[in-house]
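Understanding the architecture of this molecule
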Amino acid sequence: MRSFSRTRVVLTTTVVALAALVAACSSPPPPPPPLVQAPPPPPPITLSASIVERASAFRGYMARAGAVSPTFQNGEQIQASLKIGAAYEAKSFMNGAVAYAAVLALQDPTFVASVREVAANPTQRQEMITNIFSNPSYAAVFKGSDSAAGLIIDTIGRDGLKVYMAGKAVKQAAYDVQKSTWSKGSVVDRDGRLASAKSLSATPALAESADVAVLQQASTGGQSLGLTPRAAPAPYQPVVIRGLAVAALAALGAAGDNNLASIDALSADWATGNCLNMAKLNLYQCLAVSKPHYEDIFCLGQHILIDTGACVVKASGATLPPEPPPPPKAEPVKKAVAKKAPAKKAATKKS
């Protein structure tokens, strides 16, 4: 009987253990850990097509103006060059310079990568966008901003200097050409060519579609402009600061069509705009009093090419070449005065 009792106890214990094991196996598995949502990807680099067109229009004007030749042979050539030089409106020209500066800054991979790190965090991205719109200088805090600034200074400064030096050559031609009889003839329809200069100055320059496509691809990393960055230390001039700001906004995804009005306000610079407006006012005054052809050449060289080129060079932070010292004044020739022989004394009579 005792062995039977023991057997029954062992069986009972085994059954209980098996039942517990079955119950444990049939219980539902623990719930999976909650899914952690991945942060949204940063917005793509965005630069409005209108901004790219302004950049192309600026670049196209600088190329055409810098190629004006001083070898004039008739009045028609002078008038054609005047139309090339006068064909920009100051405000859109300024916006175009900043837009081109932004495209140049987007060519710097270190600068773009640094901005994109902030773009990956939605909170930091919005804070930085707000900061840049309120103060464009915030764009200079990003790593690589110094080399992006170097691209702007070197490229736009070089273009401005090319226009400036073309103006120097044209201005000199205004004196050299006076050896030709035709240059002293009167300009035909003086009032009409002044009205044309004013009309061209009120019309924004147009971009070329092929160049727009090149700059559009360059602004989004699809094509390089083949430029070599050079670190340029701060402080920076207006075109550089505002170009960095627009480039940073593009890398943050905030320089699209919806932001055009804010970018226009950010691109404005009173000093550079005033410099360009003064160049145009001086041009009008020069053309209003100019009569012979050689005087129109002077107006073109000084008040279009030299003045506009100098405005662009200064706005970019590049350096104008030093002006050569004026030639020394010739000493007046002193006429030799013949010395008069001393008067003979009258002989005294002897008493």
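Here the structure is shown first, and the text comes after it.
For every chain, the first residue of the written sequence is number 1, and numbering continues from 1 onward in sequence order. Note on the predicted model: pLDDT of at least 70 is required for a residue's local features to be given, and 80 or more for side-chain atom pairs to be given and counted; whole-chain, interface and lining totals, by contrast, use all residues. Only hydrogens and water are set aside; all other atoms, that is, all heavy atoms of the structure, feed into the side-chain values.

Right, let's get into the overall build of the protein. Here a helix means four or more residues in a row that DSSP labels H or I, a strand means two or more in a row labelled E, and each is numbered from the N terminus. In terms of regular secondary structure, the protein is built from 13 helices and zero strands. Considering the protein as a whole, with its 351 residues, one finds that 40% of them fall into the buried category. Expressed as a percentage of contacts within the protein between residues at least 6 apart in sequence, the contacts between residues at least 24 apart total 87%. Accessible surface, the protein as shown: approximately 20,300 Å² in total, 61% of it carbon and sulfur. Burial classes: relative accessible area under 20% of the type maximum marks a residue as buried, over 50% as exposed, and values in between as partly exposed (1.4 Å probe, protein chains only). Contacts between residues were defined by any pair of non-hydrogen atoms, one from each residue, lying within 4.5 Å. The Shrake-Rupley method, run with a 1.4 Å probe, gives the accessible areas here. Residue values count only the displayed protein chains as cover.

Residues lying three or four places apart along an α-helix face the same way, a consequence of the helix completing one turn every 3.6 residues. Turning to helix α9 (residues 209-219), its buried residues number three or more, namely Asp211, Val212, Leu215, Ala218 and Ser219. The buried residues of α9 occupy one face: seen down the axis, they fall within an arc of 130 degrees. Facing away from the buried side of α9 by more than 90 degrees, the exposed set consists of Ser209 and Ala210. As used here, the arc is the angular range of directions from the helix axis to the C-beta atoms.

Quick look at helix α3 (residues 75-86) now. Multiplying one less than the number of residues by 1.5 Å gives the expected span of a helix. Helix length check: α3, at 12 residues, gives a terminal C-alpha distance of 16 Å against a target of 16 Å (1.5 Å per residue), a fit within 8%. Turning to α3, its buried residues number three or more, namely Gly75, Ile78, Gln79, Ser81, Leu82, Gly85 and Ala86. Viewed end-on, α3 has its buried residues packed into an arc of 165 degrees, placing them on one side of the element. Residues of α3 that are buried sit in contact with α2 (49-66), α8 (190-201), α12 (270-289) and α13 (293-316). In the analysis that follows, any N or O atom pair within 3.5 Å is treated as a polar contact, provided that within protein one partner can donate a hydrogen and the other can accept it, and provided that, for residues neighboring in sequence, both atoms belong to side chains. At the N-terminal boundary of α3, the capping side chain belongs to Asn74, with an oxygen 3.2 Å from the backbone nitrogen of Glu76.

Here a cavity means grid points, on a 1 Å grid over the protein atoms only, where a 1.4 Å probe fits yet cannot get out; a pocket means an open set of points with protein on both sides within 12 Å along at least five of seven lines; lining residues are those with an atom within 4 Å of a point. Grid points are joined across faces, edges and corners, and a volume is the space filled by probe spheres set on the points. By volume, the largest pocket amounts to about 160 Å³. In this structure, the largest pocket is lined by Arg59, Met62, Ala63, Tyr100, Leu104, Thr155, Arg158, Asp159, Lys162, Leu225 and Leu227. When contributions to the lining of the largest pocket are tallied by element, the ones reaching two or more residues are α2, α4 (90-105) and α7 (145-176). Polar here means any residue outside two lists: the nonpolar Ala, Val, Leu, Ile, Met, Phe, Trp, Tyr, Cys and Pro, and the charged Asp, Glu, Lys and Arg; Gly therefore counts as polar. Taken together, the residues that form the lining of the largest pocket break down as six nonpolar, one polar and four charged.

This brings us to the environment of Gln223. With respect to the helices and strands, the residue Gln223 is situated in the loop between α9 and α10 (238-251). Among the residues examined, Gln223 registers a relative accessible area of 32% and is labelled partly exposed. The spatial distance from the C-alpha of Gln223 to the C-alpha of Gln107 is 9.0 Å, given a sequence separation of 116 residues. In this view, Gln223 contacts Gln107, Val214, Gln217 and Ala218; residues no more than four positions away in its chain are not counted.

On to unusual backbone geometry. Each neighbour pair has its own omega, and for Ala234 with Pro235 the value is 5 degrees, a cis peptide bond. Structurally, the position occupied by Pro235 is in the loop between α9 and α10. The phi dihedral of Asp189 is positive, around 55 degrees, even though this residue is not glycine.

Orientation of helix α5 (residues 109-119) relative to α10, taken along the N-to-C sense of each, is 50 degrees, at an axis distance of 9 Å. As judged from the angle between their axes, α5 and α10 are oblique. The interaxial crossing formed by α5 with α10 has right-handed handedness. Facing Phe111, Val115, Arg116 and Ala119 of α5, the residues of α10 in contact are Leu244, Ala247, Ala248 and Ala251. Considered class by class, the residues forming the contact of α5 with α10 number seven nonpolar, no polar and one charged. To get an axis, fit a line to the C-alpha atoms, keeping to the stretch in contact for a helix; angles then go from 0 to 180 degrees between the N-to-C directions. Throughout, the term roughly parallel applies to angles under 35 degrees, roughly antiparallel to angles over 145, roughly perpendicular to angles from 65 to 115, and oblique to all others. By the definition used in this description, the sense in which the near helix is turned from the far one sets the handedness, with an anticlockwise turn below a right angle giving left-handed and a clockwise turn giving right-handed.

All right, on to the pattern of salt bridges then. We define a salt bridge as a contact between a side-chain nitrogen of Lys or Arg and a carboxyl oxygen of Asp or Glu at a distance within 4 Å. Under the defined criterion, the tally for this structure stands at four salt bridges. Salt-bridge contacts for Arg54 lead to Asp264; the nearest nitrogen and oxygen are separated by 2.6 Å. Here Arg54, found in helix α2, pairs with Asp264, found in helix α11 (residues 260-267); they are 210 residues apart in sequence, far enough to count as distant. Among the salt bridges present, the one from Asp296 reaches Arg193, with a minimum N-O distance of 2.9 Å. Here Asp296 is found in helix α13, whereas its partner Arg193 is found in helix α8, with 103 residues between them in sequence. Like Arg193, Asp296 is buried.

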